[in-house]
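# Results of the structural survey
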Amino acid sequence: MLRPIFGCICLISVSIAPVLAGTDAEVKAVNLGTAHEALYGLCLRDSRAVAVGQHGLVLESNDSGDTWTELDRFTDAALLDVDCGGTAELYVGQGGELYRRQDGDFEAVESGTDARLMSVAQSTDGSVAVAVGAFGAILTSADFGKTWRRSTLDWFAVLDDYVEPHLYDVHVADDGQITVIGEFALVIQSRDGGVTWQKRHQGESSLFGLYIDTTGTGYAVGQEGAFLTSADAGETWAPGATPTNDILLSVRRSSDGDIVSSGIRKFIVSRDQGATWIEYDSPALTMGWYQGLELLSSGETANQAVLLAGHQASILKIELK
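Residues numbered from 1 in each chain as written. Predicted model: local features only at pLDDT ≥ 70, side-chain atom pairs only at ≥ 80, totals over all residues. Heavy atoms only, no water.

On to the overall build of the protein, then. When helices and strands are counted, the protein shows two helices and 29 strands. On C-alpha atoms alone, the protein measures out to a radius of gyration of 18 Å, which is about the 20 Å that the 2.2 N^0.38 rule sets for 321 residues. Taken over 321 residues, the protein has a buried fraction of 60%. For the protein, long-range pairs separated by at least 24 residues make up 48% of all intrachain contacts whose partners lie at least 6 apart in sequence. Just so you have it, the protein exposes about 12,900 Å², and 48% of that area is on carbon and sulfur atoms. When the 21 positive and 44 negative side-chain charges of the protein are each reduced to one mean point, those points stand 1 Å apart. (Helix = DSSP H or I, 4+ residues; strand = E, 2+ residues; numbered from the N terminus. Rg over C-alpha atoms; globule rule 2.2 N^0.38 Å. Buried < 20%, exposed > 50% of the residue type's maximum accessible area, 1.4 Å probe, protein only. Contact = heavy atoms within 4.5 Å. Areas by Shrake-Rupley, 256 points an atom, 1.4 Å probe, with all protein chains shown as cover. Lys, Arg positive; Asp, Glu negative; His and termini not counted. Charge placed at Lys NZ, Arg CZ, Asp CG, Glu CD.)

Further remarks concern the sheet that holds strand β7 (residues 79–83). A sheet is described by the order of its strands in space; here four strands give the open sequence β7-β8-β9-β10, paired in antiparallel fashion. A strand with exactly one partner marks an edge of an open sheet, and here the two such strands are β7 and β10 (105–109). Adjacent strand axes in the sheet meet at a mean angle of 25°, parallel and antiparallel pairs treated alike. (Pairing = 2+ DSSP bridges. Axes fitted to C-alpha atoms, helices over the stretch in contact; angles between N-to-C directions.)

On to the pairing of β7, then. Taken across its five residues, β7 has five buried, putting it largely inside the fold. Across four bridges, β7 lies against strand β8 (residues 89–93) in antiparallel orientation. Bridging across to β8, Leu-79 finds its partner in Gly-93. Hairpin geometry of β7 and β8 is characterised by an intervening segment of five residues between the two adjacent antiparallel strands.

Taken as a whole, this structure holds 14 salt bridges when the rule is applied. Glu-235 is paired through a salt bridge with Arg-191; the nearest N and O atoms lie 2.4 Å apart. Here Glu-235 is found in the loop between β21 (227–230) and β22 (238–239), whereas its partner Arg-191 is found in the loop between β17 (186–190) and β18 (198–201), with 44 residues between them in sequence. Glu-235 gets classed as partly exposed once you look at its relative accessible area, which sits at 32%. A salt bridge links Arg-265 to Asp-246; the shortest N-O distance between them is 3.4 Å. (Salt bridge = Lys/Arg side-chain N within 4 Å of Asp/Glu carboxyl O.)

Moving on to the side chain of Ser-261. Residue placement: Ser-261 occurs in strand β24 (residues 259–263). Of note is the side chain of Ser-261, whose polar atom sits 2.8 Å from the backbone oxygen of Ser-250. Other than its neighbours up to four places away in sequence, Ser-261 contacts Val-221, Leu-248, Ser-250, Val-251, Lys-266, Phe-267, Ile-268 and Leu-293. (Polar contact = N/O pair within 3.5 Å; in protein donor to acceptor, adjacent residues only side chain to side chain.)

Moving on to the sheet that holds strand β2 (residues 26–31). Across the sheet, four strands lie side by side as β2-β29-β28-β27; this open sheet has antiparallel pairing. Bordering the open sheet on either side are β2 and β27 (290–295), each of which pairs with just one other strand. Neighbour-to-neighbour, the strand axes of the sheet open up by a mean angle of 25°, direction not taken into account. In this sheet, strand β29 (residues 315–319) lies alongside strand β28 (residues 305–310) in antiparallel orientation, the contact comprising five bridges. Paired with Leu-308 across the bridge in β29 is Leu-316.

Examined against the element boundaries, Phe-74 turns out to sit in the loop between β6 (69–70) and β7. Other than its neighbours up to four places away in sequence, Phe-74 contacts Val-58, Leu-79, Tyr-99 and Phe-106.

Within the largest apolar cluster, 17 residues are counted, with the highest numbers of intra-cluster contacts made by Val-130, Ile-138, Trp-155, Val-180 and Ile-188. Secondary-structure elements contributing two or more residues to this core are β12 (129–133), α1 (155–159), β15 (167–172), β16 (178–182) and β17. Beyond its immediate sequence surroundings of up to four residues, Val-180 is in contact with Val-132, Leu-167, Asp-169, Val-170, Leu-186, Val-187, Ile-188 and Trp-197. Ranked by size, the runner-up nonpolar core spans 15 residues in total, among them Val-30, Ala-49, Leu-296 and Ile-315. (Core = buried A, V, L, I, M, F, W, Y, C linked by side-chain atoms within 4.5 Å.)

This paragraph deals with the confidence of the model for the protein. Summarising the model, the protein shows a mean pLDDT of 91, and 91% of its residues fall at 70 or more. Below a pLDDT of 50 lies the segment residues 18–22, which in the model reaches 13 contacts outside its immediate sequence neighbourhood of four places, other chains included. (pLDDT = per-residue confidence, 0-100.)

Next comes the structure, spelled out in structure tokens:
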């Protein structure tokens, strides 16, 4: 099963982008679990990668995802995301669990919530960290994830409705700007560490995957193949089109400008900023779901290489052609 999707699956009208061709990829399974296992989160820093999932499953690799080792389990809770981009690794779980890992040691951190935490992110130096999740949960930290506080919003003022939206992904820029996506195609941002928030987008479909790079280029993906683009670090968003009505869970952009997105039975790539897409039709990609998505740095392989983590605790390493 994938990370639980709260709320209804709304029926919406979307435009469909052209598909260039069904294309094979060089797909290598670098980890295989069982039918009852799953991986929900994946992070990559240099040659180190970490994947997390059901029942406290943590896998790590120190060779760019070629081989993986399972760590001793320190919790029975499902771990839904991990960030390894700062001075400490941060882990979040299904019952509001929060953990830090520094110098190889795991430390439980008080989160102050039992809400399911779906995503965690931090600035490169770790000075700003944010975790988001169910029923509008937003937690922020200004001390490298050691302590956390709840960020409160007037959701009625944001949505004009008495509902607390589920929040699925978060990005923290190095200047501290926080971007959060969730239900109702919601995008909100904060420039002051989560004290105040501005609504940047709202619609119908849920958004599950978010990416913003240092140039300000951003993408968000979600239900019914939803695809939004931003050219100003998430302040404004424009609708795009993908070749699918299936759920997309994650999105990234390579250093060469390729857009890569994974989801339920779908793995798609665009080399022209979303005008057209290539669907990769390997059975390993079209018979399951992959929520964890990271791109290996250029130079690792002749072509762009991708790591995917998802159903049955499978991790795939893919070389795009």
